[in-house]
Each structure stands twice: as structure tokens, then as C-alpha cells.
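Tertiary structure, described
Here are the chains, one letter per residue:
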Amino acid sequence: VEFRRSLLANAPRHLAVLNLAAEKAGWGKAPAGRAQGIALHRFWSDSIVAEVAEVSINAGKVRVHRVTCAVDCGLVVNPDGVKAQLEGGVLYGLSAALHGQITVEAGRVKQSNFHDYPVVRMPDAPVIEVHLIRSGDVPKGVGEPGTPPIAPAVANAVSRLTGTRVRKLPIVV
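This text gives an overview of the structure that appears in the document.

Quick notes on the rules
- Residues numbered from 1 in each chain as written.
- Predicted model: local features only at pLDDT ≥ 70, side-chain atom pairs only at ≥ 80, totals over all residues.
- Heavy atoms only, no water.
- Pairing = 2+ DSSP bridges.
- Helix = DSSP H or I, 4+ residues; strand = E, 2+ residues; numbered from the N terminus.
- Axes fitted to C-alpha atoms, helices over the stretch in contact; angles between N-to-C directions.
- Contact = heavy atoms within 4.5 Å.
- Disulfide = S-S within 2.5 Å.
- Buried < 20%, exposed > 50% of the residue type's maximum accessible area, 1.4 Å probe, protein only.
- Parallel < 35°, antiparallel > 145°, perpendicular 65-115°, else oblique.
- Left-handed = near helix turned anticlockwise from the far one by under 90°.
- Nonpolar A, V, L, I, M, F, W, Y, C, P; charged D, E, K, R; others polar.
- Core = buried A, V, L, I, M, F, W, Y, C linked by side-chain atoms within 4.5 Å.
- Salt bridge = Lys/Arg side-chain N within 4 Å of Asp/Glu carboxyl O.

1. Notes on the sheet that holds strand S1 (residues 34-42)
One open sheet accounts for 4 strands, arranged S1-S2-S3-S6; its pairing is mixed. The open sheet is flanked by S1 and strand S6 (127-132), the only strands paired with a single partner. Strand-to-strand twist in this sheet, taken as the mean axis angle between neighbours without regard to direction, amounts to 20°. Contacting S1, strand S2 (48-58), strand S3 (61-72) and S6, helix H2 (residues 12-25) crosses the sheet at an angle of about 135° to S3. Sheet strands in contact with helix H3 (residues 79-99) are S2, S3 and S6, and its direction is about 135° off that of S6.

See below:
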């Protein structure tokens, strides 16, 4: 986080989002056996999202316990709608990061629908907290910005736990 802050010295919106996510997540205070990873993303609509993933690994399985998300999307017209969009984006991105693999056998895709293509289900879903930056700027859009930062946030946490950088998806340890 300190390194990222130094890179954002001339980007106050980005820095505010990063700082809010780190603060609300209790950056550096993960419980024993867990690690935190953080990622920041500026979406094409000019919304800025930072996410902190709190992760553990048990028997070779990555478990995301908590995701803290901060967003600057300009003027927020419907706070519950913004939170719902970001929560959905986190779960969608998390499904891709942990399970998103299409396999081909004998020239055909093996997965045909959600019964044989794993996604994050309710028992495995993390607690997701969304924090909004108050802004008087024009609304920026929140349809997809929650998705891009989750995979790198989880990968950064896994790297802290294993000492090895994650180089491909889905994340397997």
C-alpha cells in the first residue's frame, strides 16, 4: 500500500479510493493464517475502485473470507444500487479468478452450463463491504468496475501467503 501511495501522489481521486479501502479493511491486520491483497482499477467510465481481499489457504484451496471495496463513481444517485453492482462484480470476478477454466475434450467444450462450470456459491461467498466516496462530480457508472480488481487483489494475498507470485488464472496453489 505504501508503494502504491507513492505512485499516486499526483492522482488524488485514486489515492483517496486506495486509502479508504485500506483503512476500512484494516490493512496489515489480517488474522493469523490469512493475508490481505489489494488492487486498484480505473474503469473506462472514470469510476475508480480499490479492493482488499482477505484470503487463507487450507489443504491447497484458496478461500476468500472478506472483500473490502471502495469506489469513487462520482455523484451516487442510488447507493444501494451501486453497492449491489459492486458486490455482483466482485462475485463474478472471483468466480473467474478461482474457477474460470473452460476445458476441451475431443474437440468439444466439456462445460455446458452452471451445473458443470463452477462459480462462487453462497456457502463460499466472502463478506463484501462497499464504501462510497462522496463526490459532487457527474455520475461515472458502476456496471462493471467491481470485477477487474478482485483477481489481482486475491493473487496478491495468495502471493503473501505462499511467497510465490500468481502468474495465471484460475488461481491454483
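2. Side note on unusual backbone geometry
Glycine aside, a negative phi is what most residues show, and trans is what most peptide bonds show. Residues Leu-169 and Pro-170 are joined by a peptide bond in cis, for which omega reads 0°. With respect to the helices, strands and loops of the structure, Pro-170 is situated in the segment after helix H4 (150-162). Non-glycine residue Asp-46 carries a positive phi angle of around 80°.

3. Side note on the state of the cysteines
If you walk through the whole model with that rule in mind, you get 0 disulfides. With no disulfide of its own, Cys-69 has Cys-73 as its nearest cysteine by sulfur position, at a separation of 9.7 Å. Under the relative-accessibility criterion, Cys-69 is labelled buried at 0%.

4. Thoughts on the packing of H3 against H4
Packing of H3 against H4 brings their axes to within 8 Å, and their N-to-C directions diverge by 55°. If you check the angle between H3 and H4, you find them oblique. Judged by the sense of rotation from one axis to the other, the crossing of H3 with H4 is right-handed. Taking contact as the criterion, the partners of Val-90, Gly-93, Leu-94, Ala-97 and Leu-98 in H3 are, on H4, Ile-150, Ala-151 and Val-154. Classifying every residue of the contact of H3 with H4 gives 7 nonpolar, 1 polar and no charged.

5. Quick notes on the nonpolar core
Judged by nonpolar contacts, the single largest core of 28 residues is most densely connected at Val-55, Val-64, Val-154 and Ile-171. Secondary structure elements with two or more residues in this core: S2, S3, H3, S6 and H4. If you tally residues by element for this core, the top one is H4, at 7 residues. In contact with Val-55, not counting residues within four places along its chain, are Gly-33, Arg-34, Ala-35, Val-62, Arg-63, Val-64, His-65, Val-154, Ala-157, Val-158 and Leu-161.

6. So, the pattern of salt bridges
Taken as a whole and judged by the stated rule, the model has 10 salt bridges. Of the charged contacts, one joins Glu-2 and Arg-5 as a salt bridge, the two residues approaching to 2.5 Å between their closest N and O atoms. On the criterion of helical spacing, the pair formed by Glu-2 and Arg-5 is a turn pair, its members being 3 residues apart in helix H1 (residues 2-7). A residue is classified by how much of its surface remains accessible, and Arg-5, at 27% relative accessible area, is partly exposed. Note that Glu-105 is salt-bridged to Lys-110, the shortest N-O span being 3.6 Å. Put simply, Arg-13, Arg-42, Asp-46, Asp-72, Asp-137 and Lys-140 are held in one network by salt bridges that share partners.

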